[in-house]
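# Examining the three-dimensional arrangement
What follows is each chain in one-letter form.
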Amino acid sequence: MPDTVPATALSAAAHAALGAPTAHVALPATPATCTWGAIDPATPTVLTVASGTEIAVEAVTHHAGDAPDLLFDDGIAAIWDAIDPADRGPGVHLLTGPIEVEGAKVGDTLAVRIVSMRPRLPYGSNVAAHWGLLHDETQKERVTIYGLDDAPEGAFGATASPVFAYDFKGRELYDAPGFVTTAEDRVEEAFSRSVAVPVRPHFGVLGVAPGEPGRRSSIPPGVFGGNVDDWRFGPGATIYLPVLQDGAGLYVGDPHFAQGDGEVCGTAIEASADAVIRVAVVDDVEVRSPTLEWDGLWATHGFGDTLDEAMRMATTLMIELLGRRAGLAYDDAYSLCSVAMDLGVTQVVDGTVGCHAALRTDVLR
């Protein structure tokens, strides 16, 4: 094992392949490379790459219509113009991909390292929507537009600040993907006070083609990844995904620049992004659901109709991971999870709720 590979690395093969990419390609977001609201294994591949490739990929937020004067440029407007509203759905997210990774076979693991993310435009949108946790109390939907500082390579440490907010009144509900609210259609209000939100760039949606055929909504996450909405899926993170279709069918979308665990009002700060990712097929780690390696921790992800189901799945997957990767017996791994693992709520607003189980690897001497 190379000296540069940590002893607690989930995959030595991933560290070797992702640390020194063998090729560099670009994948712009265009009407030809994006799908809107659907995940389908039958969607034609838009790019084929070898394992070990670095990809400069563009991801466009489906919330750009919340303030088109700030969140549109010519390329984003072209996507809105080209993709008919009738072809959007049944979900909401704009997805770039799918990307075929040569050599990826069902049963393999795909490692995706996020190298960098920068805001394409210096603004983003947050929506307190009808699917938010407290909509039954607010009885309205409200859009807040944030300005984004541009830290080098979209690094953690930048901040976002509210520019204005408005109550959404363009439709009875905020339920039409890509609905456009112009400056003339909104009544802008100031935020209650000055705040500076830490920017944490990440992909809300990152996944592979599901194992089952058919067109599905982009909203519920699953073992294939998708709309996981974990703010840790950002620069410096490596995400391991189970390959469920030959070629993997990787896609990214729903770029976020700030989100807390829970995403309680409905969305994060949604903003288009220019990102760099690296991909590799590895055979020295097995995962059954998105598994994260980031900032000295491992995290497994569980999903379910209830938080109880999601917590149980995340914890079970961590116990399995500790057994396979660290050699811990079940009873010992279960004990370690209780005393050292942090079990958190990833999101509660995507229909299928998510939990993450995070363990710092420095406990594994």
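Below is a summary of the structure that appears in this document.

Cut-offs used in this document
Residues numbered from 1 in each chain as written. Predicted model: local features only at pLDDT ≥ 70, side-chain atom pairs only at ≥ 80, totals over all residues. Heavy atoms only, no water. Salt bridge = Lys/Arg side-chain N within 4 Å of Asp/Glu carboxyl O. Helix = DSSP H or I, 4+ residues; strand = E, 2+ residues; numbered from the N terminus. Pairing = 2+ DSSP bridges. Axes fitted to C-alpha atoms, helices over the stretch in contact; angles between N-to-C directions. Contact = heavy atoms within 4.5 Å. Phe/Tyr/Trp six-rings, centres within 6.5 Å; stacked < 30°, edge-to-face > 60°. Buried < 20%, exposed > 50% of the residue type's maximum accessible area, 1.4 Å probe, protein only. Lys NZ or Arg CZ within 6 Å of the ring centre and 35° of its normal. Arc of directions from axis to C-beta. Polar contact = N/O pair within 3.5 Å; in protein donor to acceptor, adjacent residues only side chain to side chain. Parallel < 35°, antiparallel > 145°, perpendicular 65-115°, else oblique. Left-handed = near helix turned anticlockwise from the far one by under 90°. Nonpolar A, V, L, I, M, F, W, Y, C, P; charged D, E, K, R; others polar.

## Quick word on the pattern of salt bridges
Scanning the model with the defined rule gives 15 salt bridges in all. A salt bridge links Arg 216 to Glu 212; its shortest N-O distance comes to 3.0 Å. We note a salt bridge from Glu 320 to Arg 324, for which the minimum N-O separation is 3.8 Å. Placement of the pair is Glu 320 and Arg 324 together in helix H5 (residues 307–326), with a separation of four residues, close to one helical turn. A single network of salt bridges, built from pairs that share partners, joins Lys 140, Arg 142, Asp 167 and Glu 189.

## Thoughts on the sheet that holds strand E20 (residues 297–304)
Taken together, the nine strands give an open sheet; going across it, the order is E1-E5-E18-E7-E15-E19-E20-E22-E21, and neighbouring strands pair in mixed fashion. Two strands in the sheet have a free side with no partner beyond their single neighbour: strand E1 (23–27) and strand E21 (341–347). Between one strand axis and the next, the sheet turns through 25° on average, direction left out of account. Running at roughly 130° to strand E18 (residues 273–282), helix H1 (residues 12–19) makes contact with strand E7 (109–119), strand E15 (238–242), E18 and strand E19 (291–294) of the sheet. Docked against the sheet, H5 engages E19, E20, E21 and strand E22 (353–360), running at close to 140° with respect to E20.

## Brief notes about the packing of aromatic side chains
On inspection of all chains with the given rule, the structure shows eight aromatic pairs. Measuring from ring centre to ring centre gives 5.5 Å for Trp 231 and Trp 294, while their planes differ by 85°; the resulting arrangement is edge-to-face. Taken together, the positions of Trp 231 in the loop between strand E14 (225–226) and E15 and Trp 294 in strand E19 put the pair 63 residues apart, joining distant regions of the chain. Trp 294 carries the same exposure label as Trp 231, and that label is buried. Ring centres of Tyr 330 and Tyr 334 lie 6.1 Å apart, and the angle between their planes is 50°; on these two criteria the pair is classed as tilted. With Tyr 330 and Tyr 334 both in helix H6 (residues 330–340) and four residues apart, this pair spans about one turn of that helix. Here Arg 88 stacks its cationic end above the ring of Trp 36, 4.0 Å away from the centre of that ring.

## Quick word on the environment of Pro 213
Inspection of the secondary structure puts Pro 213 in the loop between strand E12 (202–207) and strand E13 (216–217). Residue Pro 213 is classed as exposed on the basis of its relative accessible area, which comes to 77%. Taking the C-alpha atoms as reference points, Pro 213 and Glu 141, 72 residues apart in sequence, are found 35 Å from one another.

## Digging into the pairing of strand E10 (residues 159–167)
Direction of pairing for strand E9 (residues 142–148) relative to E10: antiparallel, over a ladder of seven bridges. Bridge pairing in E10 links Arg 142 to Asp 167. Pairing between E10 and strand E11 (residues 197–198): two bridges, direction antiparallel. Residue Ala 160 lies in a different strand from E11, and its bridge partner there is Val 197.

## Remarks on unusual backbone geometry
The peptide bond linking Gly 89 to Pro 90 adopts the cis configuration, its omega dihedral lying at 10°. Relative to the helices and strands, Pro 90 resides in the loop between helix H3 (74–82) and strand E6 (94–101). Cis geometry marks the peptide bond from Gly 97 to Pro 98; its omega dihedral reads 5°. With respect to the helices and strands, Pro 98 occurs in strand E6. Positive phi is not limited to glycine here, since Ala 248 has a value of about 75°. Position of Ala 248 among the secondary structure elements: in strand E16 (residues 248–258). By relative accessible area, Ala 248 is classed as buried at 0%. We note that Asp 295 has phi near 50°; this positive angle belongs to a residue other than glycine. Here Asp 295 shows up in the loop between E19 and E20. Overall, Asp 295 belongs to the exposed group, its relative accessible area being 51%.

## Quick look at the pairing of E18
The buried fraction of E18 amounts to eight of the ten residues, a majority that puts the element mostly inside the structure. Two elements, strand E5 (residues 53–59) and E18, share seven bridges in a ladder whose sense is antiparallel. Its bridge partner being in E18, Ile 55 is matched across the sheet by Ile 277. Of the strand pairs in this sheet, E7 and E18 are connected by ten bridges, and their pairing is antiparallel. Residue Leu 110 lies in a different strand from E18, and its bridge partner there is Val 281.

## Regarding H1
Among all positions of H1, only Ala 14, His 15 and Leu 18 are buried. Projection of H1 onto a plane perpendicular to its axis shows the buried side chains occupying an angular sector of 100°, all on one side. Tucked into the core, H1 has its buried residues touching E7, E15, E18 and E19. Of the residues that open H1, the one with a side-chain oxygen 3.4 Å from the backbone nitrogen of Ala 13 is Ser 11.

## A look at the packing of H5 against H6
Running from N to C, H5 and H6 point in directions that differ by 125°, and their axes come no closer than 9 Å. In this view, H5 runs oblique relative to H6, as classed from their interaxial angle. For the pair H5 and H6, the crossing hand works out as right-handed. Contacts between H5 and H6 involve Met 318, Ile 319 and Leu 322 on the former and, on the latter, Tyr 330, Ala 333, Tyr 334, Leu 336 and Cys 337. Considered class by class, the residues forming the contact of H5 with H6 number eight nonpolar, no polar and no charged.

All we've got here are geometric facts, nothing functional implied.
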